[in-house]
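Here's the letter readout for the chains.
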Amino acid sequence: MTQEHYPVLVVGAGTVGLSMAAALSHYGVPVLLVERHAATTEHPRATGVQPPVKEFFRSIGLDERIRAASADLLPSNGKVDLETLAGTDLATAPRIPTPPKDVADLTARISPTPIGPIAQDRIDRVLCDAAGERGADIRFRTRVTEVAQDDDGVTATLVDEGDGSSYTVRADYLVAADGSASSVRRALGIEMRGPTGLGNPMINVLFTADLGDLVKGNEFAFAQISNPKSEGILLTVDNRDRWVFHISYKENEEQLSDYPVERCVELIKSAIGRDDIPVEVVSTIPWRMSARVADRVVEGRVILAGDSAHTIPPIGAFGMSSGVADACNLAWKLAHVVRKSAGPGLLRSYEAERLPIMRFTRDQALLRFAHLDLHWDAEKDGERSAVEMADPLVTALAYQYQEGALIDPPAALRSLARADENLDGAPGTRVPHAWVEHRGKRISVLDLPGEGFALLTGAEGAAWTAAAERVAARTGLILRGYSVGPGCEVSDPDGAWAASAGIEPGGALLVRPDMFVAWRSVGAHERPEEQLAAVLDRILSRTPAGDR
């Protein structure tokens, strides 16, 4: 019997696995996605997202769908402390902005995507639909029971949970996005390190209740509820009838079985402050914070992403965003290796780049958990600096890869406090954003790479753009050259972008499909085509010393 074969097998249809499938399908890579549950989750584990998540969705053509899916939550802002929802005037209740105004203002300057929450279950449905439309083979109720790999690929044994039948699939590469209890990671013997059991155990309760009239005009991101009958955190999913209530309990005094559905309903009604509003529990998920990172995230032809590689405390909303950043970094590399336009060594750059950032993100979330007062008080910049707590935008967006598929990055991040100072065009950083005009359309510089590489030059970079065209024709790479400046193909009327990217009018930046700078030439070069070809060979592990 002929065995099924796919270039990439993705295990787990959570947000990260779905992001991988949607991105690989966008790049034209056939992918099989398997998930042991019957469908994407209806339980929104998170609503807070950082800018890179929406930037990634924008890069694979899903920005309009994501914007529509998050429309209900656009008015939501701020943390409020309430005794009960109905018993408080939300218009006058003290509110801590989420994010703080300075973070929101800076985000608008450094990112093309609007800031704001979106429920994770809606993200998953958008990604699932897009991946399927683009050709991904998505199989729910399918469990992986065994993984074996050799020099040429991975063989996975799959079980159809519907009829119990088992079969094997052959893949060139396997991406394990199967969560914090990853069976794939455990089968590989990869350890996770870091603290577990942080804080008290929690119960995440998804429920329906018509609360729209209570919050209309005064929508919040979440409310800390505290009264003699109920304590917890209330989050909105759609600002109307879908909500989440987080209940905390002390493990030495109670256990999960002490919270049946009936008790959860009582606690929710006490938090609302109205017994006459019907409450229906949809689902409950027990959880507890942990802060662990895998020892390694690449094992032969198996690669870990998302919670299978790292678990991040929710303080700061870095968890889901970090997982999606894994997918953004990995998808284009897998696409190039599968097409044989890059050597397998390119995939090792995933670990070199992402593993230090996973640890950095985990440590920053732990700092915020240990110093909640500094996390919530926007006026304590000095105290945050004293404990080396990074600005949230630095943690989520303006970090720096210091080795990997890039050339000559700076030795260290410029600033923990100012994200805009780090987005300076240096190799290993996300390319600086600016609104420009291209072919009569207002776009971001971040839109220029598209599905491939972009060579972005100053106003006098015609030699570079011509070199990019010749290299692309010779190699078959998706590579486009653009001059950015006044009167250029990409019009930047005030000419500020090139300076912000650290290049002279005759200089150039090579930007990867994940919008990170791979290489920078501050000025012109005597042999631009030869130089560019050599740079691409090195980045894509196609050099004589690399993997072909």
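The coordinates are above.
These remarks concern the structure in this document. Please read all numbers here as calculations on a predicted model, not as lab measurements.

**With respect to the sheet that holds strand S22 (residues 479-485)**
Step number 1: The seven strands lie next to each other as S20-S19-S23-S22-S21-S24-S25, forming an open sheet whose pairing is mixed. In this open sheet, the two strands that pair with only one neighbour each are strand S20 (441-444) and strand S25 (517-521).
Step number 2: Alignment of strand S19 (residues 435-438) against strand S23 (residues 490-491), held across two bridges, turns out to be antiparallel. Bridge pairing in S23 links Glu 437 to Ser 491.

**Some details on helix H15 (residues 462-475)**
Owing to its 3.6 residues per turn, the α-helix aligns residues three or four sequence positions apart on the same side.
Step number 1: Here H15 spans 20 Å end to end across 14 residues, near enough to the 20 Å set by a 1.5 Å rise per residue.
Step number 2: Along H15, the residues classified as buried are Trp 464, Thr 465, Ala 467, Ala 468, Val 471 and Ala 472. The buried residues of H15 all sit within an arc of 155 degrees when viewed along its axis, so they share a single face. Exposed positions of H15 whose direction lies more than 90 degrees from the buried face are Ala 462, Glu 469, Ala 473 and Arg 474.
Step number 3: Where H15 ends, the next residue or the one after it, Gly 476, has phi of about 80 degrees, a positive value.

**Focus: the pairing of strand S2 (residues 31-34)**
Step number 1: Alternating residues of S2 divide into Val 31 and Leu 33 and Leu 32 and Val 34, and every residue in both groups is buried.
Step number 2: Examined bridge by bridge, strand S1 (residues 4-11) and S2 share four bridges and lie parallel to one another. Paired with Val 8 across the bridge in S2 is Val 31.
Step number 3: Once the chain exits S1 it traverses helix H1 (residues 15-26) before rejoining the sheet at S2, and the crossover so formed is right-handed.

About the cut-offs
Residues numbered from 1 in each chain as written. Predicted model: local features only at pLDDT ≥ 70, side-chain atom pairs only at ≥ 80, totals over all residues. Heavy atoms only, no water. Pairing = 2+ DSSP bridges. Helix = DSSP H or I, 4+ residues; strand = E, 2+ residues; numbered from the N terminus. Expected span 1.5 Å × (residues − 1). Buried < 20%, exposed > 50% of the residue type's maximum accessible area, 1.4 Å probe, protein only. Arc of directions from axis to C-beta. Right-handed = clockwise from strand over helix to strand, strands pointing away.

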